[in-house]
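Each chain is listed here by its residues.
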Amino acid sequence: MNGRGAPTARTVNALGTLLAWVAIGWGVGVWRHWWLLGPKSIGIALVIALAFVVAARARLSSPLPTAERVHAEIQGLTNAGQQRQLRHLFYQVAGAWPSERGDDDPWTGVKFFIDPVGLILRVGVSAILDEENRTPALVQAYAKHHYENQLGANVVRNEITNFAGHWCVVTDAIHPNGGRVRRYSFTLHLSEYVVQFTCVTEAHFAICEPLMDAVVQLCRLEIPRVVDRSVLGGRVLIGVPADWTETTDEDRRAAWRAMPGPLDVSLHLLDEGGHLQVNETVFERVPGYERRQGSVFRKIRMDENGASGLRLIWSPPARPNSMELVMDAVRLPSGLVVVLATRNHGRGDEKMQGFLIDAMRLELLASLRPGDAPIL
């Protein structure tokens with residue numbers, strides 16, 4: 001509860017989630033015949049329904065913030081804000097906003113609870129695992145389907161616009177429980193990003209819009225600065241940071257030593273004629289390759305340069321989020337097949353440190369293209 005006796009956004013959010021799971025559990029129990037659809041079971045259902053009504057009334061009874069209160073939050077954001085990073089996304093929050101991890105597989109991110117105004121801010125990122133969210137039009141179509149068909153919400157805005165100099169889809173939706181959400185969605189370098197605001201009522205939403213706008217205006221996208229290098233006998237161009245140390249550049253292999261990490265990066269040329277199949281056996285052509293137990297494969301496609309292929313990821317059992325060894329086997333549009341291997345010798349948890357190393361991996365993949373030298 002806040003100082004005026006109204007439920008905080010975090011409390012209402014947690015209560016709604018708990019009741020939803022209870023309702024699902026009750027329905028599954030009836031379906032699996034764990035208990036009969038009799039007077040007792042119906043009574044439990046009525047109690048659950050009553051609890052939902054109480055939760056809804058709690059939402060509606062939350063007092064509206066004043067314009068002065070919203071302005072105070074904006075001042076705290078701009079004058080005493082904390083900058084955070086999530087891969088390529090830099091954003092700012094007020095130091096007074098409580099937060100918790102907002103992971104929801106495959107999403108990773110953070111939730112911030114701005115209780116004095118009844119607002120929840122969620123910032124998240126996910127690897128692109130399907131074809132639904134690769135272009136603005138596809139993101140727009142999926143947003144409409146997600147809110148209307150999956151959540152039963154009423155979509156009142158769903159347009160392609162600009163976010164920190166990059167395209168994005170902004171979606172406004174009103175949920176059946178009366179809450180309202182605004183979601184900014186965009187994709188960049190094999191990742192889908194979301195910045196989402198959720199208010200307990202439409203009235204809260206209208207008053208909080210200046211605060212939402214202030215958060216978005218302070219966001220920026222920062223791509224690592226790289227310098228084009230011609231490697232592998234001039235066959236391939238790759239962008240690498242200027243402070244990386246090049247350790248090898250031969251006809252079939254180029255390598256660098258880099259930070260953070262420390263990080264060992266190598267690029268291997270496997271095929272020039274376009275005949276090699278990019279499948280799970282292609283990694284066996286990389287000198288010293290040994291697939292470790294627990295490693296997984298994922299399909300990848302870089303829209304930035306047209307490369308497509310397969311990603312091999314291995315994480316130590318004690319650090320499942322560290323992605324210590326990643327090997328990307330991709331075919332460029334010219335037919336060249338290369339493997340980009342990165343080995344992280346650092347000990348930090350990348351998810352907690354803003355995906356710094358994986359952001360660089362994706363930038364390296366996006367920069368790959370055929371070199372200007374003739375293929376010998």
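Residues numbered from 1 in each chain as written. Predicted model: local features only at pLDDT ≥ 70, side-chain atom pairs only at ≥ 80, totals over all residues. Heavy atoms only, no water.

Enquirer: Go over unusual backbone geometry with me, naming the residues and quoting the values.
Expert: For residues other than glycine, phi is negative in most cases, and the peptide bonds are mostly trans. At Arg87, a position not held by glycine, the phi torsion is positive, near 50°. Looking at Arg87, the relative accessible area reads 7%, which means it is buried. With a phi close to 65°, Leu190 is a non-glycine residue in the positive phi region. Relative to the assigned elements, Leu190 resides in the loop between strand E8 (180-188) and strand E9 (191-199). (Buried < 20%, exposed > 50% of the residue type's maximum accessible area, 1.4 Å probe, protein only. Helix = DSSP H or I, 4+ residues; strand = E, 2+ residues; numbered from the N terminus.)

Enquirer: Kindly report on the environment of Arg285, identifying the contributing residues and their values.
Expert: Along the chain, Arg285 falls in the loop between strand E15 (263-271) and strand E16 (296-301). The class for Arg285 is exposed, based on a relative accessible area of 52%. Between the C-alpha atoms of Arg285 and Leu270, which are 15 residues apart in sequence, the distance is 7.1 Å.

Enquirer: Could you give an account of the packing of aromatic side chains, naming the residues involved and the relevant values?
Expert: The final tally for this structure, using the stated rule, is seven aromatic pairs. Put simply, the rings of Phe163, Tyr184, Phe186, Tyr193 and Phe197 pair up and form one aromatic cluster. A cation sits over an aromatic face here: Arg183 above Trp107, 5.7 Å from the ring centre. Across from the ring centre of Phe90, 4.3 Å away, lies the NZ or CZ of Arg220, which sits over that ring. (Phe/Tyr/Trp six-rings, centres within 6.5 Å; stacked < 30°, edge-to-face > 60°. Lys NZ or Arg CZ within 6 Å of the ring centre and 35° of its normal.)

Enquirer: So what's going on with helix H3 (residues 67-79)? Residues and values would help.
Expert: The end-to-end C-alpha separation of H3 is 18 Å, in line with the 18 Å expected for 13 residues at 1.5 Å each. If you check which residues of H3 are buried, you get Val70, Glu73, Ile74 and Leu77. Down the axis of H3, the sector holding all buried residues measures 100°, keeping them to one side. Opposite the buried face of H3, at more than 90 degrees from it, the exposed residues are Glu68 and Asn79. On its buried face, H3 is in contact with strand E1 (81-86), strand E2 (89-94), strand E4 (108-114) and helix H5 (202-217). (Expected span 1.5 Å × (residues − 1). Arc of directions from axis to C-beta. Contact = heavy atoms within 4.5 Å.)

Enquirer: Pulling in residues and values, what's your account of the pairing of strand E18 (residues 325-331)?
Expert: In terms of burial, E18 is largely enclosed, as six of its seven residues are buried. Sheet topology places E18 next to strand E19 (residues 337-344); seven bridges connect them, and they run antiparallel. In the strand pairing of E19, Leu325 is matched with Arg343. In this antiparallel pair of consecutive strands, E18 and E19, the connection spans five residues, and Gly335 shows a positive phi of 105°. (Pairing = 2+ DSSP bridges.)

Enquirer: Tell me about helix H4 (residues 136-150), and name the residues and values.
Expert: With 15 residues, H4 should cover 21 Å at 1.5 Å per step; its first-to-last C-alpha distance of 20 Å lies within 8% of that length. Taken as a whole, H4 has its buried residues at Val139, Ala143 and Tyr147. The arc enclosing the buried residues of H4, seen along the axis, measures out at 50°, which places them on a common side. Close packing links the buried residues of H4 with strand E6 (154-163), strand E7 (166-174), E8 and E9. Following H4 by one or two positions, Gly152 adopts a phi angle in the positive range, close to 70°.

Enquirer: Quick one: what's the story with the sheet that holds E7, residue by residue and with numbers?
Expert: The strand order E3-E4-E5-E9-E8-E7-E6 describes an open sheet built from seven strands, whose pairing is antiparallel. Since the sheet does not close on itself, it has two edges, and those belong to strand E3 (99-101) and E6, each with one partner. Across this sheet, the average inter-strand angle for adjacent strands is 15°, counted without regard to direction. Here strand E5 (residues 119-127) pairs with E9 via nine bridges, running antiparallel. Counterpart to Ile120 in the pairing with E9 is Thr198. Relative to E8, H5 is tilted by about 30°, and along the sheet it contacts E4, E5, E6, E7, E8 and E9. (Axes fitted to C-alpha atoms, helices over the stretch in contact; angles between N-to-C directions.)

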